[in-house]
Amino acid sequence: MTWPCPDCAEVRHGVRANEGRPCRNCATARAWAAVPQDTRDEVHRVVAEQNAVKAVARVRELTGCEMDEAMLLLDRLRPRS
Ligand SMILES: [Zn+2]
């Protein structure tokens, strides 16, 4: 079956038990939003130091997400120059 992601409206495919769940991207974003602000600030500092390996490890520790999800999230956090 299919349903739209409640956060970004991207069409999702899956089993009925997962109906209404956000896509992996949005689920990671939600987990990240639930992390306390001071902890997020800490990760932002790690990102600013360009220590990608450390940043990915910390995000995974905080959100319990997969490596590729952590990388996507960090990509969005990274300041554009
Ligand atoms: Zn989504």
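Structure shown above.
Conventions and cut-offs
Sequence order sets the numbering: in each chain, residues are counted from 1 along the sequence as written. The model is predicted, so local features are restricted to residues of pLDDT at least 70 and side-chain atom pairs to those at 80 or more, both for listing and for counting; the totals for chains, interfaces and linings are taken over all residues. The side-chain quantities take in all heavy atoms of the structure and omit both hydrogens and water. Here a donor is an N, O or S atom found within 2.8 Å of the metal, or within 3.2 Å if the metal is Na, K or Ca; sites may look incomplete because water is not among the atoms. Each label reflects the angles at the metal, where four donors whose angles all fall between 85 and 135 degrees are tetrahedral, four or six donors whose opposite pairs open beyond 155 degrees and whose other angles stay between 65 and 115 are square planar or octahedral respectively, and the rest are irregular. Burial classes: relative accessible area under 20% of the type maximum marks a residue as buried, over 50% as exposed, and values in between as partly exposed (1.4 Å probe, protein chains only). Numbering of helices and strands runs from the N terminus, with a helix taken as a DSSP run of H or I at least four residues long and a strand as a DSSP run of E at least two residues long. Here, expected helix span is obtained from the residue count minus one, scaled by 1.5 Å. In this context, the arc is that of the directions from the helix axis out to the C-beta atoms. Axis lines are fitted through C-alpha atoms, for helices just across the contact stretch, and the angle between N-to-C directions can take any value from 0 to 180 degrees. If an angle is under 35 degrees, it is roughly parallel; if it is over 145, roughly antiparallel; if it lies from 65 to 115, roughly perpendicular; otherwise it is oblique. The handedness criterion is simple: a crossing whose near helix is rotated anticlockwise from the far helix by less than a right angle is left-handed, and one whose near helix is rotated clockwise is right-handed. By definition in these notes, contact holds between two residues if any of their heavy atoms fall within 4.5 Å. For this scheme, ten residues count as nonpolar: Ala, Val, Leu, Ile, Met, Phe, Trp, Tyr, Cys and Pro. Four count as charged, namely Asp, Glu, Lys and Arg, and the remainder, Gly too, count as polar.

Asks: An account of the coordination of the zinc ion is needed here, citing residue identities and associated values.
Replies: Protein coordination at the zinc ion comes from Cys5 (SG), Cys8 (SG), Cys23 (SG) and Cys26 (SG), with a distance range of 2.2 to 2.3 Å. One can describe the donor arrangement at the zinc ion as tetrahedral, given that its four donor atoms subtend angles of 103 to 115° at the metal. Considered as a linear motif, the donors of the zinc ion on their single chain read C-x2-C-x14-C-x2-C. The exposure class assigned to Cys5 is buried, which follows from its relative accessible area of 3%. Its relative accessible area of 40% is what places Cys8 among the partly exposed residues.

Asks: So, helix H3 (residues 52–63): which residues are in play, and what are the values?
Replies: An α-helix turns once every 3.6 residues. As a result, residues three or four positions apart point the same way. For H3, built from 12 residues, the straight-helix expectation of 16 Å at 1.5 Å per residue is met to within 8% by its first-to-last C-alpha distance of 16 Å. For H3, every residue scored as buried is listed here: Ala55, Val56, Val59 and Thr63. Down the axis of H3, the buried side of the element spans an arc of 95°, and every buried residue falls inside it. Set apart from the buried face of H3 by more than 90 degrees, the exposed residues are Val53 and Glu61.

Asks: Can you lay out the packing of H3 against helix H4 (residues 67–77) for me, pointing to particular residues and giving the numbers?
Replies: At a minimum axis separation of 9 Å, H3 and H4 run at an interaxial angle of 110°. Taken together, the axes of H3 and H4 lie roughly perpendicular to each other. H3 and H4 meet at a crossing whose hand is right-handed. Residue-level contacts link Ala55, Val56, Val59 and Arg60 of H3 to Met67, Ala70, Met71, Leu73 and Leu74 of H4. Taken together, the residues of the contact of H3 with H4 break down into eight nonpolar, no polar and one charged.

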